[in-house]
Amino acid sequence: MTVLDPATQSLLDPATWAGSLFDGRWRPAATVGPVIEPATGAELGQVGLAGPAEITASVARAASMQPEWAATPFEERAAVLRRAGDLWQRHKDEIEGWIVREVGAVPPAAANETHIAREESYEAAALPSRPYGELLPSNQPRLSLARRVPVGVVGVISPFNAPLILGIRSVAPALALGNAVVLKPDPRTAVSGGVTIARVFEEAGLPEGVLSVMPGGATAGQALIADPHVRVISFTGSSEAGRKVGEAAARLLKRVHLELGGNSALVILDDADLDLAAGAGAWGSFLHQGQICMTTGRHLVHQSVADDYVERLAAKASGLPVGNPATEQVALGPIIDAAQRDKVHGLVTSSVDVGARVAAGGTYEELFYRPTVLTGLTPDTPAWTNEIFGPVAPVAPFASIEDAVRIAGDTPYGLSLGILTRDVMKGLEIADRIPSGIVHINDQTVSDEAQIPFGGVGASGTGSRFGGAAANVEAFTDCQWLTMQGQIPPYPF
């Protein structure tokens with residue numbers, strides 16, 4: 001275990017990890033890549049990048065170390081997770097500084113990442129002491145039971161947008177339940193989503209080799225999925241990539257947990273308080289530059305109040321400051337990179353080309369995209385049918401509850417749903433008719449807590465595979481039937 005320098009107490013000193021990969025120890029990487037600050041284009045450092053060979057070596061090391069970790073007394077595994085939770089709190093300012101600069105998150109969003117990382121670790125610390133089996137009846141004179149056992153090695157592939165949250169929510173419970181983990185974070189956010197997790201668990205006393213952090217591209221991910229030692233894949237990312245991951249894992253008969261994209265609807269009934277509704281809608285669409293899977297991607301507003309809602313939402317969008325979150329007090333930071341910015345702007349401009357109107361925004365400077373409100377949309381408008389993953393709020397009217405249910409459900413996605421109304425029971429009736437993994441009545445679509453099962457349906461993923469003790473146990477253990485009897489029974493032959 002690395003001992004922190006008492007003079008600086010720095011967890012993320014680049015001298016520790018620059019140009020290296022982590023498999024329980026920091027080892028120089030053959031290939032390195034830059035850590036880029038999207039707000040300025042500045043290089044903040046360099047990280048090691050893994051290819052297939054490095055993935056294979058780290059998985060082999062994880063497989064060799066996992067049995068000993070699984071046999072570690074449960075209170076010792078729990079203690080590692082509790083120390084990790086303490087470390088997220090102790091070093092939150094330093095970690096959040098990296099998230100602001102590397103991810104482009106505003107400080108409150110960065111603080112939310114360390115908060116959830118802390119809570120995920122504390123929640124996971126309770127898993128090792130949970131009952132891990134049940135007695136079963138048997139038609140023979142024997143003890144019959146079902147017990148949960150670690151799967152072995154878990155592969156975690158996490159994205160750029162909330163890199164700490166979307167890595168730790170699989171890493172922490174998988175480790176707590178006795179598995180070894182190989183984490184492949186997005187190389188664009190390898191410090192926030194990789195180095196931080198490696199350093200915290202290194203300092204928390206996790207045995208060497210039980211956790212590896214291997215930033216890398218598609219070939220690294222493919223090698224992780226294909227490795228025979230990896231029994232479970234936990235993937236968070238786009239629906240397009242998730243389908244490929246699911247197909248590859250299915251051919252190898254591996255369990256795969258997919259948390260994918262969304263195009264979540266916010267349904268606003270005619271009795272809703274429009275000022276509060278516009279605030280909720282702006283938060284749902286513009287938080288973290290819209291780079292959240294649960295982002296409100298479609299605003300469905302009753303036609304009698306639609307114009308008033310658009311006016312209020314556009315006013316909020318026009319008043320939100322956009323800039324460098326590391327040096328300015330802003331509501332929105334930069335889009336992660338030029339490719340993502342161009343995708344966002346392409347959906348906006350192609351929508352305008354087919355008749356959509358820009359009520360606010362629709363412009364950018366460098367990677368700073370103005371919060372945008374679109375109206376005049378049809379069911380075929382690109383910004384309505386696609387996940388934008390940017391700060392864009394498409395708004396369309398509906399005439400009746402039947403109309404709202406039909407429009408909201410007319411999507412392959414099913415991640416999150418918000419319904420705003422003074423009549424809560426009416427909201428519940430609507431929720432019952434729209435397939436969605438998450439529903440919030442009288443709130444927008446973006447919310448997450450460490451103890452809550454999280455996941456979507458349809459093109460949004462394979463259900464609630466993260467969060468909450470029951471979902472985590474189901475995700476990262478196997479169910480084994482075990483019988484015992486006092487002597488060998490006689491058989492006819």
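See the structure above.
This section reports on the structure supplied with the text.

**Description of the overall build of the protein**
- From N to C terminus, the protein includes 16 helices and 21 strands.
- Scaling as 2.2 N^0.38, a compact globule of 493 residues should have a C-alpha radius of gyration of about 23 Å, and the protein matches this with 24 Å.
- Taken over the C-alpha atoms alone, the protein extends approximately 75 × 60 × 35 Å along its principal axes.
- Put simply, the protein has 493 residues, and 57% of those count as buried.
- When contacts within the protein are restricted to residue pairs at least 6 apart in sequence, those whose partners lie at least 24 apart make up 72%.
- Summed over its atoms, the accessible surface of the protein is roughly 20100 Å², and 55% of this surface lies on carbon and sulfur atoms.

**So, the side chain of Asp478**
- Within the secondary structure, Asp478 is located in strand 21 (residues 477–484).
- Of note is the side chain of Asp478, whose polar atom sits 3.1 Å from the side chain of Arg231.

**Details of the sheet that holds strand 12 (residues 264–268)**
- The seven strands lie next to each other as 14-17-18-13-12-19-20, forming an open sheet whose pairing is mixed. Both edges of this open sheet fall to strand 14 (357–360) and strand 20 (438–441), since each of them pairs with a single strand only. If you compare each strand with its neighbour and ignore which way they point, the axes differ by 25° on average.
- Pairing analysis gives three bridges linking strand 17 (residues 372–375) to strand 18 (residues 392–398), with the strands arranged parallel. Paired with Thr372 across the strands is Val392, a residue of strand 18.

**Re the side chain of Asp23**
- Within the fold, Asp23 resides in the loop between strand 1 (20–22) and strand 2 (26–28).
- A distance of 2.7 Å separates a polar atom in the side chain of Asp23 from a polar atom in the side chain of Arg27.
- Those residues in contact with Asp23 that lie beyond four places of it in its chain are Ser58, Arg61, Glu208, Gly209, Leu211, Ser212 and Met214.

**Comments concerning the sheet that holds strand 6 (residues 143–150)**
- Strand order in the open sheet formed by three strands is 5-6-21, with antiparallel pairing between adjacent strands. In this open sheet, the two edge strands, each paired with only one partner strand, are strand 5 (133–136) and strand 21. Neighbour-to-neighbour, the strand axes of this sheet turn through a mean angle of 25°, independent of strand direction.
- Examined bridge by bridge, strand 6 and strand 21 share eight bridges and lie antiparallel to one another. When the bridges of strand 21 are listed, Val149 appears paired with Asp478.
- Packing of helix 16 (residues 469–476) onto the sheet brings it into contact with strand 6 and strand 21, and relative to strand 21 it is tilted by some 80°.

**Quick notes on helix 10 (residues 274–286)**
- The end-to-end C-alpha distance of helix 10 is 17 Å, a good match for the 18 Å that 13 residues give at a rise of 1.5 Å each.
- Looking only at helix 10, the buried set comprises Leu274, Ala277, Ala278, Ala280, Gly281, Ala282, Gly284, Ser285 and Phe286.
- Elements that come into contact with the buried residues of helix 10 comprise strand 12, strand 13 (296–302), helix 11 (306–319), strand 17, strand 18 and strand 19 (416–420).
- Measuring from the backbone nitrogen of Asp275 back to the side-chain oxygen at the start of helix 10 gives 3.1 Å, which picks out Asp273 as the cap.
- After helix 10 finishes, the residue His288 shows a positive phi value of roughly 55°.

**Here's the deal with the packing of aromatic side chains**
- This structure, assessed with the given rule, holds four aromatic pairs.
- With a centroid separation of 5.8 Å and an interplanar angle of 70°, the aromatic rings of Trp17 and Trp98 are classed as edge-to-face. Of this pair, Trp17 sits in helix 1 (residues 14–17) while Trp98 sits in helix 4 (residues 92–103); the two residues are 81 residues apart in sequence, bridging distant segments of the chain.
- When the ring of Phe160 is compared with that of Phe389, the centres are 6.0 Å apart and the planes differ by 80°; the resulting orientation is edge-to-face. Placement of the pair is Phe160 in the loop between strand 7 (153–158) and helix 6 (163–176) and Phe389 in the loop between helix 13 (382–385) and strand 18, with a sequence separation of 229 residues. Judged on exposure class, the residue Phe160 and its partner Phe389 are both buried.

**As for unusual backbone geometry**
- With a phi angle near 60°, Phe389 is a residue other than glycine that sits in the positive phi range.
- Even without being glycine, Asn442 reaches a positive phi, approximately 65°.
- With a relative accessible area of 39%, Asn442 lands in the partly exposed category.

Rules and cut-offs
- By convention here, each chain's residues receive numbers from 1 onward along its written sequence.
- A pLDDT threshold of at least 70 governs which residues receive local features in this predicted model, and a stricter bar of 80 or more applies before side-chain atom pairs are shown or counted, although totals over entire chains, interfaces and linings include all residues.
- Hydrogens and waters are ignored; side-chain quantities use all the structure's heavy atoms.
- Per the convention used, a helix needs a DSSP run of H or I reaching at least four residues, while a strand needs a run of E reaching at least two, with both numbered from the N terminus.
- It is over C-alpha atoms that the radius of gyration is taken, and the globule rule equals 2.2 Å times the number of residues to the power 0.38.
- Exposure classes here rest on a 1.4 Å probe applied to the protein chains alone. A residue is buried below 20% of its type maximum, exposed above 50%, and partly exposed in between.
- For this analysis, residues touch if any pair of their heavy atoms sits within 4.5 Å.
- Surface accessibility in these figures is a Shrake-Rupley result with a 1.4 Å probe; residues are shielded only by whichever protein chains are displayed.
- Pairs of N or O atoms within 3.5 Å make up the polar contacts considered here, provided that, within protein, one atom can donate a hydrogen while the other can accept it, and that residues adjacent in sequence are counted only when both atoms are side-chain atoms.
- Pairing between two strands requires that DSSP report at least two bridges joining them.
- Note on definitions: angles span 0 to 180 degrees between N-to-C directions of axes, and those axes are lines fitted to C-alpha atoms, for helices only across the stretch in contact.
- Helices are assigned an expected span. That span is 1.5 Å times one less than the residue count.
- Working definition: a ring pair exists when centres of Phe, Tyr or Trp rings (six-membered ring for Trp) sit within 6.5 Å. Plane angles under 30 degrees give stacked, over 60 give edge-to-face, the rest tilted.

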